[in-house]
Every structure is written in C-alpha cells, then in structure tokens.
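Here are the chains, one letter per residue:
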Amino acid sequence: MFPGEINFKKEQVLKMLEQTLSEVYTKFKIHFYQEMFKKLNSRETSLTTVELFCVEIIHALKNPTVAEFANFINVSSPNAAYKVNSLIQKGYIEKVQSETDRREYHLHVTDKYYNYFNLSQKYVSTVVERAKKHFSPEQVEILDGILNDMSHELMKEVIIPPVEV
C-alpha cells in the first residue's frame, strides 16, 4: 500500500465509525422518544418536552442545587427556578435541605420520575443482555473499555457524575 492509500483507508474507517456511532446514538434516542410518546399518549404524564429534558438532566446530575442545574443548562437562576418549581408542582422532583449547609437545597427526582421516565436505562439493559449473547466475554470487555474511554476521555464537555445502574 502507498501512503496515500493508507490515509484514504483511515479516513474511510473514521467515516464508518462516525456513521455507526450516529446510528447507535439515534437508535437509543428514538427508542426513548417512542417510550415517552407511549406515556404521553396514555396521559400518564403532563410534562412538556423541555420539562422532560430538565428532569432527565437533574437525574443525571445526581441531586444538584438549583444554581448547579442553572449553570449546567446555561440559563439564569430565575429561569431554572421556574422550571424546577413546575417540576415540583407536577411531582417529578423535590427540594431536599442539605444536611451540611442548611441554607442549601438539592433537587431529587421522585418515585414518580422513576415509575414513568427511567426508560432509557431499561433499553440499555436490554441491549447489554443482547450483547452478552451476541459477543464473547472478551469482546464485551473490549467494548466496555472503548466506551469507558469515550465517556471519560473523549466527551469532556459533558461532566456528570458516574451513572449507577
């Protein structure tokens, strides 16, 4: 192979990787939306799309303060407080006073959230079960290592606590 052919091959592989990652991300996202629409159509929830995104972010941040939430989504504290109050009224989150600093309150998702919205994790678990059947243990370990590196080394713009399952 000539040097030009090697570079062309690398570019092809990277383009394939970009295509595959986009496809996997889109499938996870679309599956989540399908499940959300099932909930919305059955009137089990009364959240707007923005509220849904907010409660998912609050869950991912693991009990942030209103200020931490506002900072993460890059909105003013009053704007974030408005969104938080709406979610509190609808029963999806609650404010819990800090035990170390009594002036501070943390946002916690409620059981109502877990009962209706923790759908993305269920699908991840389904895909993992399928992966265990489809791939060898060694391949699963390699995939886990690659995804771990992607999460911690290649996605530094999204700083969230580790996800617990």
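For the structure, see preceding data.
Residues numbered from 1 in each chain as written. Predicted model: local features only at pLDDT ≥ 70, side-chain atom pairs only at ≥ 80, totals over all residues. Heavy atoms only, no water.

Novice: Explain the overall build of the protein chain to me, please; I cannot follow it from the model alone.
Specialist: Per the secondary structure count, the protein chain includes seven helices and two strands. Helices and strands in the protein chain line up, N terminus first, as α-α-α-α-β-β-α-α-α. Taking 15 Å as the expected radius of gyration for a compact globule of 165 residues, we find that the protein chain reaches 20 Å, considerably beyond that expectation. Oriented by its inertia axes, the alpha-carbon framework of the protein chain measures out at about 65 × 35 × 30 Å. (Helix = DSSP H or I, 4+ residues; strand = E, 2+ residues; numbered from the N terminus. Rg over C-alpha atoms; globule rule 2.2 N^0.38 Å.)

Novice: What should I look at first to understand the nonpolar core in this one?
Specialist: What tends to happen in soluble globular proteins is that the nonpolar side chains get buried as a cluster. Among the nonpolar cores identified, the biggest contains 20 residues, and V55, L87 and I93 are the most heavily contacted of them. Ignoring sequence-local partners within four residues, the contact set of L87 consists of L47, E51, C54, V55, I58, Y92 and I93. (Core = buried A, V, L, I, M, F, W, Y, C linked by side-chain atoms within 4.5 Å. Buried < 20%, exposed > 50% of the residue type's maximum accessible area, 1.4 Å probe, protein only. Contact = heavy atoms within 4.5 Å.)

Novice: Just to check I follow, could you spell out the side chain of T110 for this structure?
Specialist: With respect to the helices, strands and loops of the structure, T110 is situated in the loop between β2 (105–109) and α5 (111–117). Residue contacts for T110: discarding those within four places in its chain leaves G91, Y92, I93 and E94.

Novice: How should I be thinking about the pattern of salt bridges in this particular structure?
Specialist: For side chains of opposite charge, pairing can occur when their charged atoms come near one another. Tallied over the entire structure, the rule returns five salt bridges. A salt bridge links E23 to K27, with the nearest nitrogen and oxygen atoms 3.7 Å apart. With E23 and K27 both in helix α1 (residues 3–41), this residue pair falls four residues apart, about one helical turn. Measuring nitrogen to oxygen at the nearest pair gives 3.1 Å for the salt bridge that ties E129 to K132. With a gap of three residues between them, E129 and K132 both fall in helix α6 (residues 119–134), about one helical turn apart. (Salt bridge = Lys/Arg side-chain N within 4 Å of Asp/Glu carboxyl O.)

Novice: Any chance you could explain the side chain of T65 here in plain terms?
Specialist: Residue position: T65 is located in the loop between α2 (49–61) and α3 (66–73). Residue contacts for T65: discarding those within four places in its chain leaves E104, Y105, H106 and L107.

Novice: What's the story with unusual backbone geometry in this structure? I'm lost.
Specialist: Glycine aside, residues mostly have negative phi angles, and peptide bonds mostly take the trans form. With a phi angle near 65°, N63 is a residue other than glycine that sits in the positive phi range. Tracing the backbone through its elements, the reader meets N63 in the loop between α2 and α3. The class for N63 is partly exposed, based on a relative accessible area of 33%. At N74, a residue that is not glycine, the phi angle is positive and equals roughly 60°. Relative to the helices and strands, N74 is located in the loop between α3 and α4 (77–89). A residue is classified by how much of its surface remains accessible, and N74, at 69% relative accessible area, is exposed.

Novice: Looking at this structure, I do not really get the packing of α2 against α4. What am I missing?
Specialist: Two numbers describe a pair of packed helices, the interaxial angle and the distance between the axes. Interaxial distance between α2 and α4 falls to 10 Å at its minimum, and their mutual angle equals 90°. Taken together, α2 and α4 sit at an angle that is classed as roughly perpendicular. Counted together, V50, E51, C54, V55 and I58 of α2 and K83, S86 and L87 of α4 form the full contact between these two elements. Grouping the amino acids of the contact of α2 with α4 by side-chain chemistry returns five nonpolar, one polar and two charged. (Axes fitted to C-alpha atoms, helices over the stretch in contact; angles between N-to-C directions. Parallel < 35°, antiparallel > 145°, perpendicular 65-115°, else oblique. Nonpolar A, V, L, I, M, F, W, Y, C, P; charged D, E, K, R; others polar.)

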